[in-house]
Amino acid sequence: MNALLIKDLYKVYANVNSSKSNQTLEALKKISLEVKQGDFFALLGPNGAGKSTTIGIITGLINKTSGMVKVFDNDIDLEWEEARKLIGVVPQEFNFSIFETVYNIVLDQAGYYGVSRKIAKERAEKYLKLLGLWEKKDSVSRTLSGGMKRRLMIARALLHEPPLLILDEPTAGVDVELRRGMWDFLIDLNKNGTTIILTTHYLDEAELLCRNIAIINKGLIIEHSATKNLLDKMERHSYIFDLQKNMTHLQLNHKTKLNSKTNFIIKKIDPRTIEVDLLQNQNLNDLFTFFKKEDLEIRSMRNKSNRLEELFLRLVEEKSSVKS
Ligand code: ADP
Ligand code: MG
């Protein structure tokens, strides 16, 4: 079963620039997504990509322009009462009363979800303890650190024990040392059956936590696959070759993508420079044989670093060159 199904989700913000009241912005350009029950899923993308807009629509805080969203088969347009109870959300911005105590902020959720006072108290204690906030339960939330505020929002989102937890940039503003603890907590929660969707612009966070990743950029999903597949794409080393003389005879497309053992992924950067991606099962010897056959003399070569960031840039680039 899908915990979340999104089809052709489209969002236009009106009046983006107040001085020009007729300006609009397409924040989501008909995106589709599927998240299976039990998954740990990342929606990854840079600032302004449309992550929070997507989350806002799923959780009923933002109205969509068109498209469909289902939460465990409940259409948010038709079965909102059912859908909303299945979701716990940790928004990007702190949105609790800064004058309220930690304990009351969590407990006050009970009313929205029809959780009895008795059960709410048990759960508030359980989650505040699990998140290391029990000693702070009588503190006014204003006095908490950024990391504590984030954890408070997680405890609050869990009070009705939703099967789907959605976190919008959960580690933004959280100390690097404290991230580990939050990650472990989320991993445990997921192991116990909660489907988790998080947004992040930290590639390492998505890589470490999530089984599936969708990459969003400028309102478009540019990649949607298993983390392992994405990592396999990185299991290639990119080399830059400077050539002795201009390439004239070799007809290289800007992006020659050939994926078999002997076909190399070659990209012409300029007439004297090419980039080659070598997959795990390909070796440099074969490549040099190919160069020799094509009569290409190499002047120098260098290894291009191969971080996830680069993968991201490559995907963005591929997508935009397909479009143009
Ligand atoms: P992300 O969470 O990935 O950083 P957002 O969903 O917040 O991205 O924003 C997507 C785009 O929509 C951005 O260009 C942003 O400026 C714009 N946007 C977001 N909220 C509003 C709003 N309330 N009114 C107008 N434009 C908005
Ligand atoms: Mg955001």
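Here we summarise the structure given alongside this text. These numbers were taken from a predicted model, which means no experiment stands behind them. Along each chain, residues carry numbers from 1 onward, in the same order as the chain's sequence is written. Each chain is given a letter, starting from A, and each ligand a number, starting from 1, according to the order in which they appear as written. Residue-level local features of this predicted model are given only where pLDDT is at least 70; pairs of side-chain atoms are given and counted only at 80 or more, and the full residue set underlies all totals for whole chains, interfaces and linings. As a rule here, side-chain values cover all heavy atoms of the structure and leave hydrogens and water aside.

## Thoughts on the packing of aromatic side chains
Here comes step 1: Ring geometry is summarised as follows: Phe, Tyr and Trp rings, the Trp one being its six-membered ring, pair when their centres sit within 6.5 Å, and such pairs are stacked at plane angles under 30 degrees, edge-to-face over 60 and tilted between the two. Scanning the entire structure with this criterion turns up seven aromatic pairs.
Here comes step 2: Seen from their ring centres, Tyr-239 and Phe-241 are 6.4 Å apart, and the 45° between their planes marks the pair as tilted. We note that Tyr-239, like Phe-241, is buried.
Here comes step 3: Taking 5.0 Å as the distance between ring centres and 75° as the angle between the ring planes, the aromatic pair formed by Phe-241 and Phe-291 counts as edge-to-face. Placement of the pair is Phe-241 in strand S11 (residues 237–243) and Phe-291 in helix H10 (residues 284–293), with a sequence separation of 50 residues.
Here comes step 4: According to the relative accessible area criterion, Phe-291 is buried, its value standing at 1%.
Here comes step 5: Cluster of aromatic residues (ring-pair linked, three or more members): Tyr-239, Phe-241, Phe-288, Phe-290 and Phe-291.
Here comes step 6: When the ring centre of Tyr-202 is taken as origin, the NZ or CZ atom of Arg-179, which lies over that ring, is 4.5 Å away. Categorising residues by exposure relies on relative accessible area from a 1.4 Å probe, with only protein chains included: less than 20% of the type maximum marks a residue as buried, more than 50% marks it as exposed, and the intermediate range marks it as partly exposed. Each helix corresponds to a stretch of at least 4 residues labelled H or I by DSSP, and each strand to a stretch of at least 2 residues labelled E; elements are numbered beginning at the N terminus. When the NZ atom of lysine or the CZ atom of arginine is within 6 Å of a ring's centre and also within 35 degrees of its normal, the charge is said to sit over that ring.

## Points about the sheet that holds strand S9 (residues 212–217)
Here comes step 1: Between any two strands, at least two bridges found by DSSP are needed for them to pair. Taken in spatial order, the six strands of this open sheet run S6-S7-S8-S3-S9-S10, and their pairing is mixed. Of all strands in the sheet, those with a lone pairing partner are strand S6 (87–90) and strand S10 (220–226), marking the two edges. Recorded for the sheet is a direction-independent mean angle of 15° between the axes of neighbouring strands.
Here comes step 2: Examined bridge by bridge, S9 and S10 share six bridges and lie antiparallel to one another. Considered in S10, the bridge of Ile-216 is made with Ile-221. Throughout, an axis means a line fitted to C-alpha atoms (over the contacting stretch in the case of helices), and angles, computed between N-to-C directions, take values from 0 to 180 degrees.

## A word on the coordination of the magnesium ion (ligand 2)
Here comes step 1: For Na, K and Ca the donor cut-off is 3.2 Å, and for all other metals it is 2.8 Å, counting N, O and S atoms only; because water is absent from this set, sites may look incomplete. Protein coordination at the magnesium ion (ligand 2): the donors are Ser-52 (OG) and Gln-92 (OE1), at 2.1 to 2.2 Å from the metal. Here Gln-92 lies in the loop between S6 and helix H3 (102–107) and Ser-52 lies in helix H1 (residues 51–58), a separation of 40 residues in the sequence.

## Things to note about the pattern of salt bridges
Here comes step 1: Think of a salt bridge as a Lys or Arg side-chain nitrogen and an Asp or Glu carboxyl oxygen that are within 4 Å of each other. Applying the stated criterion to the full structure yields 13 salt bridges.
Here comes step 2: In this structure, Arg-211 engages Asp-39 in a salt bridge whose closest nitrogen and oxygen atoms are separated by 3.8 Å. Linking Arg-211 in the loop between helix H8 (203–209) and S9 with Asp-39 in the loop between strand S2 (24–36) and strand S3 (40–44), this pair joins segments that are 172 residues apart in sequence.
Here comes step 3: Its salt-bridge partner being Glu-169, residue Lys-51 comes within 3.7 Å of it at the nearest N-O pair. Of this pair, Lys-51 sits in helix H1 while Glu-169 sits in the loop between strand S7 (164–168) and helix H7 (176–191); the two residues are 118 residues apart in sequence, bridging distant segments of the chain. For the pair formed by Lys-51 and Glu-169, the shared burial category is buried.
Here comes step 4: A single network of salt bridges, built from pairs that share partners, joins Arg-123, Lys-126 and Glu-161.

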